[in-house]
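Structural overview for review
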Amino acid sequence: MSGNRRFVDTNILLYAHDDSAGDKRDRARALVEQLWESRDGCLSVQVLQEFFVNVTRKIAKPLDAATAKEIVADMSHWHLHVPAADDVLAAIGIHQRTGISFRDAMIVRSAAEIGCAVLYSEDLNAGQEYSGVRVENPLQPPNAGHM
């Protein structure tokens, strides 16, 4: 692993830029800011693409393309994985072995390839490990599920 690198899934970035997301926005924004300052944040080209499409179309108050482009340009300074054909093949293997979606398998592959110990995601099961990468959901309130 490379230091304390942590991979951020698209959904976390979307919450960080969605003014209607309430507490999830606050949690996501704090995480993104922390990863920016520590230089431990990691992304893939896939995440940047998905972020742009979704932040300009699918959040309650979509951003205009120019604003979204500036955010993508800033995030492109993070540790970035640019998948190649071998990564697609490896992701197919992850998908076949684990049953997660191919999209999620590509995220896992990118996180593993860039040396991340942690993948922040709301979509995958928190606590699960794939290809040596542990999934954490930073949007869960503290003590979620503990009564």
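Please refer to the structure higher up on the page.
**Details of the side chain of Ser-44**
Among the secondary structure elements, Ser-44 is positioned in strand β2 (residues 41-44). Accessibility expressed as a relative area gives 0% for Ser-44, which makes it buried. Not counting residues up to four positions away in its chain, the partners in contact with Ser-44 are Phe-7, Leu-80, His-81, Ile-107 and Ser-110.

**Description of the packing of helix α5 (residues 85-98) against helix α6 (residues 102-113)**
Two numbers describe how α5 lies on α6: the axes approach to 8 Å, and their chain directions differ by 120°. It follows that α5 is oblique to α6 by the angle criterion. Handedness of the α5/α6 crossing: right-handed. Residues Asp-86, Asp-87, Val-88, Ala-90, Ala-91, Ile-92, Ile-94 and His-95 of α5 form the contact with α6, whose own contacting residues are Phe-102, Ala-105, Met-106, Val-108, Arg-109 and Glu-113.

**Looking at a nonpolar patch on the surface**
Together, Val-88, Leu-89, Ile-92 and Phe-102 give the surface a local cluster of nonpolar side chains, amounting to about 320 Å² of exposed area. Element by element, the count of residues in the nonpolar patch is highest for α5, at three residues. If you trace the backbone, Leu-89 turns up in helix α5. Residue Leu-89 is classed as exposed on the basis of its relative accessible area of 57%.

**Considering unusual backbone geometry**
In this structure, Arg-39 is a non-glycine residue whose phi angle is positive, near 65°. The topology assignment puts Arg-39 in the loop between α2 (22-38) and β2. What makes Arg-39 exposed here is its relative accessible area of 53%. Positive phi outside glycine occurs at Ser-131, with the angle close to 50°. If you trace the backbone, Ser-131 turns up in the loop between β5 (129-130) and β6 (133-136).

**With respect to the pairing of β2**
Where burial is concerned, the two faces of β2 agree: the one with Gly-41 and Leu-43 and the one with Cys-42 and Ser-44 are both buried. Where strand β1 (residues 6-8) lies against β2, two bridges are found, and the strand directions are parallel. Bridging from a neighbouring strand, Arg-6 pairs with Gly-41 of β2. Here β2 runs beside strand β3 (residues 79-81); their pairing, made up of three bridges, is parallel. Looking across to β3, one finds that Cys-42 is bridged to His-79.

What counts, and at which threshold
- In this numbering scheme, every chain counts its residues from 1 along its sequence in written order.
- Per-residue local features of the predicted model are confined to residues with pLDDT of at least 70, and side-chain atom pairs are confined, for both listing and counting, to 80 or more; whole-chain, interface and lining totals are unaffected and use all residues.
- With hydrogens and water excluded, all non-hydrogen atoms of the structure serve as input to the side-chain values.
- Numbering goes from the N terminus for both helices and strands, where a helix is a DSSP run of H or I of at least four residues and a strand is a run of E of at least two.
- Relative accessibility under 20% of the residue-type maximum defines a buried residue, over 50% an exposed one, and the middle range a partly exposed one, all with a 1.4 Å probe and only protein chains included.
- Whether two residues are in contact is decided by their heavy atoms, any of which lying within 4.5 Å being enough.
- Interaxial angles span 0 to 180 degrees and are taken between N-to-C directions of axes, which are lines fitted to C-alpha atoms, for helices over the stretch in contact.
- Oblique is the label for any angle not covered by the other classes, which are roughly parallel (under 35 degrees), roughly antiparallel (over 145) and roughly perpendicular (65 to 115).
- Left-handed is the label given to a crossing in which the near helix is rotated counterclockwise from the far helix by less than a right angle, and right-handed is the label when the rotation is clockwise.
- Patches were defined on residues exceeding 30% relative accessible area and lacking a salt bridge, with like-charge contacts within 9 Å and nonpolar side-chain contacts (Val, Leu, Ile, Met, Phe, Trp, Tyr) within 5 Å.
- Surface accessibility follows the Shrake-Rupley procedure with a 1.4 Å probe radius. Residue values consider only the protein chains on display as shielding.
- One side-chain nitrogen of Lys or Arg within 4 Å of one carboxyl oxygen of Asp or Glu is enough to make a salt bridge.
- Two strands qualify as a pair provided DSSP detects at least 2 bridges between them.

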